[in-house]
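Letter by letter, the chains look like this.
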Amino acid sequence: MMERTVSERFEELKKNALKDFPGMDGKKGATIYVGTATCGRSAGSLEVLSSFEGILKTLNIEARIIKVGCHGHCYAEPMAVVSKPGWPPIMYGYLTPNRAQILIKRFFNEEDPALEWALGAMEENDMIPTVYETPRWSRERRWLLKNCGCIDPEDINHYIAVGGYEGLTYALKMEHGEIIEEIKKAGLRGLGGAGFETWKKWDICRDTPEFPKYLICNADEGDPGAFMDRTILESDPHSIIEGMIIAGYAIGAESGYIYVRKEYPQAVSVLTTAVCQARELGLLGKNILNSKISFDIKINQGAGAFVCGEETALIASIEGKRGVPKPRPPYPANIGLWGKPTLINNVKTLASIPKILAYGAGKVSSLGMEGCMGTAVFALAGKIKNAGLVEIPFGTTLREIIFDIGGGVPPTIKVSNVAGELPKTIKRQFKAVQIGGPSGGCLPESLLDTPVCFDTIADTGAIMGSGGMVVMDEDNCAVETARYFLEFTQKESCGKCTFCRIGTKHMLNILTDITRGAGIMDDLDLLEELAETIKQGSLCNLGKTAPNPVLTTLRYFREEYEIHILDKRCPSLECKDIIAYYILPEKCQRACDACVGSCPTEAIYTRRDRLKAIDQEKCAKCANCMDACPIQYDAIIKISPISQLPESEPRDDDGQKK
Amino acid sequence: METVSLTINGKKIVTEKGKRVLWAALENGIFIPHLCAIEENPLPFGSCRLCFVEIEGKKEPVASCTEEVTDGMIVDTRTESVLRLVRMAFKLIMSRHPIICRECPANKKCALQDISREMGFKLKPKRLPQILPDLPVDDSHSLFTYNPNLCVLCGLCVYICNEIVKEAILDFNFRGFITKVGTFKNRPLAESKCNSCLKCVEACPVGALSRK
């Protein structure tokens with residue numbers, strides 16, 4: 001009886017949802033999908049959106065505009081997909097309000113799809129190449145991000161129309177144990193970074209004989225350069241809600257929390273709408289889909305502490321206490337929120353659940369590699385051509401992700417101020433990639449053929465982490481990188497345990513000394529000793545992983561540390577305190593004053609021979625002059641160590657120099 | 001009373017079931033350095049990171065304040081890897097603690113001096129420079145003085161004030177390296193509703209809280 005009503009109720013919802021859903025094929029009239037997630041908004045997609053609205057009104061064209069999330073191609077934002085009857089849906093990138101207007105005029109009035117701005121078609125056709133043929137799409141396996149950018153995240157019907165909440169209807173017909181068994185078969189591991197087997201966590205939580213039980217979705221994504229969770233929260237919130245309902249049913253919890261950081265206002269607003277809509281349709285609350293299951297969700301906003309992503313600190317934060325970690329065991333699965341068994345899973349883990357149930361565990365386990373099944377989402381950032389989100393099956397090598405999908409390291413482009421002269425591109429070399437954010441490690445080129453998997457990445461000294469991937473080129477100094485990440489963790493330390501509170505401070509001081517050219521060789525041993533003991537002795541994973549950037553750079557780029565200490569030289573010319581800017585007299589043109597005007601500290605003066613020179617005492621090392629110097633002269637260079645700086649020439653107005 | 005028997009440093013010990021290793025060792029005259037542990041607290045604080053021991057079958061040293069005794073457990077408190085961690089933790093604490101024992105109100109009844117004596121650690125941290133805070137001393141209360149510069153952030157006073165006396169006057173302020181114990185909004189103690197029970201002063205293992 002119950003089985004029938006669940007399916008019936010769902011069919012009713014689905015029928016209703018399909019009525020309104022436009023679909024990508026344009027069969028229900030012209031539709032424009034504008035990406036309005038945070039990445040799009042910061043690139044100006046709201047202006048593009050109102051420009052679309054304006055031109056449609058002016059030209060009296062009938063087309064529907066739908067605000068969608070992010071496709072993960074953040075480098076090409078603002079983006080839109082235009083779907084017009086008679087044409088395949090076409091994806092456009094790098095839009096501006098102006099281009100949006102011209103696009104609509106040409107496409108709708110002149111039947112010219114403005115292919116110069118198109119990234120490709122979204123469907124197979126014989127007119128326009130599809131985006132799936134580009135290296136980026138062809139290597140990706142969209143599974144978690146499947147709906148991102150294709151549906152309106154603020155309309156539950158869109159999610160239901162593309163197959164959402166189907167997994168839930170299957171789950172409601174299963175026993176608790178069967179669901180957990182299915183997750184086990186799929187080989188799902190915690191995608192928050194630790195890689196703990198998801199089914200085990202669920203099993204422990206379900207078997208703890210304490211009631212009530214709680215479920216928490218950890219959406220406190222705080223790593224610099226990581227934005228995978230944000231995209232899913234903003235673009236496909238119902239996948240998380242559905243995953244939570246299923247998880248709640250499997251472990252026997254009736255209330256769940258989404259702990260989302262306050263710095264994601266768009267995500268908070270989308271989630272709030274999503275939860276309300278799910279409640280209205282009876283997908284949250286009492287008797288979900290007419291079954292006997294009840295589950296509801298509260299949204300909890302974090303107050304900005306990075307450490308609250310650690311599960312025990314997160315629980316303390318929800319309880320209204322100071323957000324500091326507690327020793328584990330007891331694990332939250334036994335004693336968690338309000339002292340009750342609590343399951344904490346990351347956004348991506350929970351978003352995988354509905355898909356596993358809807359498509360079957362076999363579909364997931366067919367992707368990936370031994371021990372790591374399914375897909376991983378990475379946020380590509382730093383010195384990379386196509387920054388954004390990529391989803392790849394486990395087992396893909398780092399080289400494929402960075403070079404084939406990400407497009408490799410972009411060259412530096414210097415624009416000439418001479419009319420007609422072409423910009424000069426200077427090729428840049430890949431140097432290292434930081435995986436796993438501030439808790440991860442910095443891996444050199446020689447390790448690029450490592451397949452991506454929790455265990456293989458851990459062997460290199462980095463961690464899989466939640467999926468931030470920051471690419472660095474030869475202009476990035478390894479010591480400075482380690483210092484930067486350690487400064488982050490040191491600032492974000494909660495201050496509870498000795499190792500993390502005092503130890504990371506000492507490490508940061510030593511690293512700062514080295515980048516300033518004030519380090520000594522003995523420091524390196526001390527740094528290593530501190531790093532190893534902090535890694536072993538800290539209370540929580542923030543402290544335990546904080547030394548990773550230092551340990552990996554020491555392992556793979558030790559000679560750079562030594563050069564900083566022994567020669568007081570920064571080989572990448574990045575550490576400001578041990579480099580100096582210098583104007584090459586043989587290249588400088590007397591009449592050009594470009595650098596003088598660009599200097600904010602008035603450090604550039606005119607020499608007696610009318611050439612320009614830099615007053616090192618005044619120089620703030622901002623590199624403005626280097627950018628300002630026209631490429632045909634290219635007279636400004638960085639010098640390290642400072643001792644190699646040639647003697648400064650006297651000023652034109654020498655007598656007046658103070 | 002249900003009992004379990006275990007071995008610590010080769011010594012056979014019979015103790016109550018559910019007890020944690022640190023207390024089992026201390027009761028039997030085996031010294032394990034510790035600052036933040038409170039036996040009555042069911043959820044150990046685990047912040048000082050001094051009470052590491054090695055337990056057979058575990059890959060890494062564990063904090064003995066969180067580990068419950070089990071039958072047949074074999075514990076070693078002085079292995080190479082334990083000492084390396086404890087020594088560093090102690091050095092780190094001492095690198096933020098002024099070594100002014102002669103002027104210190106806790107001289108000769110100081111937990112840090114005890115650890116130094118028992119473990120043979122030098123008070124002055126070798127190779128680590130001292131990073132000393134220069135925080136104002138709170139002399140406002142009529143019965144006791146609070147010198148945050150001497151505080152080791154063990155949290156004993158915070159626990160007692162909140163959980164035993166249930167006054168909730170003291171708690172941790174700020175975060176990270178500048179964390180300190182203080183009152184709400186970091187106001188002087190005299191402006192707080194402190195009932196002068198002085199339990200926090202009795203609990204302080206160093207000279208941060210001292211009677212006038």
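Residues numbered from 1 in each chain as written. Chains lettered and ligands numbered in written order. Predicted model: local features only at pLDDT ≥ 70, side-chain atom pairs only at ≥ 80, totals over all residues.

## Digging into the interface of chain B and chain A
Move 1: Taken together, the contacts link 25 residues of chain B with 22 residues of chain A.
Move 2: Of all the elements, helix α2 (residues 80-94) of chain B adds the most residues to the side of chain B that touches chain A, at six residues.
Move 3: In terms of residue class, the side of chain B that touches chain A is built from 13 nonpolar, six polar and six charged. (Contact = placed C-beta atoms within 7 Å. Helix = DSSP H or I, 4+ residues; strand = E, 2+ residues; numbered from the N terminus. Nonpolar A, V, L, I, M, F, W, Y, C, P; charged D, E, K, R; others polar.)

## What to know about the nonpolar core
Move 1: Membership of the largest hydrophobic core comes to 261 residues, with the highest contact counts inside it found for A:Ala80, A:Tyr92, A:Leu233, A:Ile246, A:Ala247, A:Val433 and B:Cys157.
Move 2: Dropping the residues within four chain positions of it, A:Val433 is found in contact with A:Leu398, A:Ile402, A:Leu443, A:Met469, A:Val470, A:Val471 and A:Met472. (Core = buried A, V, L, I, M, F, W, Y, C linked by C-beta atoms within 7 Å. Buried ≥ 20, exposed ≤ 12 C-beta atoms within 10 Å, placed from the backbone.)

## Some details on the domain arrangement of chain B
Residue and element names in this part refer to chain B.
Move 1: Along its sequence, chain B is organised into domain 1 (3-92) and domain 2 (133-212).
Move 2: Each partner contributes residues to the interface: domain 1 has seven residues there, and domain 2 has seven residues.
Move 3: The residue makeup of the side of domain 1 that touches domain 2, split by class, is five nonpolar, two polar and no charged. (Domains from an automatic or database assignment.)

## Focus: the domain arrangement of chain A
Residue and element names in this part refer to chain A.
Move 1: Each domain of chain A was delimited in the assignment, giving domain 1 (20-132), domain 2 (164-364), domain 3 (373-566) and domain 4 (579-656).
Move 2: Relative to domain 3, the C-alpha centre of domain 2 lies at a distance of 30 Å.
Move 3: With 27 residues of domain 2 at the contact, the number on the domain 3 side is 26 residues.
Move 4: Residue assignment for the side of domain 2 that touches domain 3 shows that the elements contributing at least two residues are α10 (228-235) and α14 (347-359).
Move 5: Considering only residue class, the side of domain 2 that touches domain 3 consists of 13 nonpolar, nine polar and five charged.

## Quick look at the pairing of strand β18 (residues 468-473) of chain A
Residue and element names in this part refer to chain A.
Move 1: Along β18, six of the six residues are buried, which leaves the element largely enclosed by surrounding structure.
Move 2: Alternating positions in β18 separate into two faces, Gly468, Val470 and Met472 on one and Met469, Val471 and Asp473 on the other, with burial throughout.
Move 3: Bridge count for strand β16 (residues 430-435) against β18 is five bridges, and the pairing is antiparallel. Among the inter-strand pairings, Ala432 is bridged to a residue of β18, identified as Met472. (Pairing = 2+ DSSP bridges.)

## A few points about the environment of B:Met94
Residue and element names in this part refer to chain B.
Move 1: Mapping Met94 onto the fold places it in helix α2.
Move 2: Of the residues examined, Met94 has 23 C-beta atoms within 10 Å and is grouped as buried.
Move 3: For the pair Met94 and Leu132, spaced 38 residues apart in sequence, the C-alpha separation works out to 9.6 Å.

## Some remarks on helix α16 (residues 398-405) of chain A
All names here are of chain A.
Move 1: Every buried residue of α16 is listed here: Leu398, Ile401, Ile402 and Ile405. Seen end-on, α16 carries its buried residues on one side only, within an arc spanning 120°.
Move 2: Close packing links the buried residues of α16 with α5 (135-139), β12 (375-382), β13 (388-393), β16 and β18.
Move 3: Gly407, located one to two residues past α16, shows a positive phi value of around 85°. (Arc of directions from axis to C-beta.)

## Overview of the sheet that holds strand β2 (residues 64-68) of chain A
Residue and element names in this part refer to chain A.
Move 1: Read across the open sheet, the five strands follow the order β2-β1-β3-β4-β5; overall the sheet is mixed. Of all the strands in the sheet, the pair left with one neighbour each is β2 and β5 (118-121). Neighbour to neighbour, the strand axes of the sheet diverge by 20° on average, direction disregarded.
Move 2: Judged from the five bridges that link them, strand β1 (residues 31-35) and β2 form a sheet pairing that is parallel. Looking at the pairing, Val34 lines up with Lys67 of β2.
Move 3: Sheet strands in contact with helix α3 (residues 45-59) are β1, β2 and β3 (80-83), and its direction is about 165° off that of β1. (Axes fitted to C-alpha atoms, helices over the stretch in contact; angles between N-to-C directions.)

## Notes on the sheet that holds strand β4 (residues 62-63) of chain B
Move 1: If you walk across this open sheet you meet the five strands as β2-β1-β5-β3-β4 (chain B), and the pairing is mixed. Each end of this open sheet is capped by a strand with a single partner; those strands are β2 (11-16) and β4 of chain B.

## Some remarks on the environment of A:Pro641
All names here are of chain A.
Move 1: Structurally, Pro641 can be placed in the segment after β22 (636-639).
Move 2: Overall, Pro641 belongs to the partly exposed group, with 16 C-beta atoms counted inside 10 Å.
Move 3: Between the C-alpha atoms of Pro641 and Ile578, which are 63 residues apart in sequence, the distance is 5.8 Å.
Move 4: When residues no more than four places from it in sequence are discounted, the contact partners of Pro641 are Asp567, Lys568, Arg569 and Ile578.

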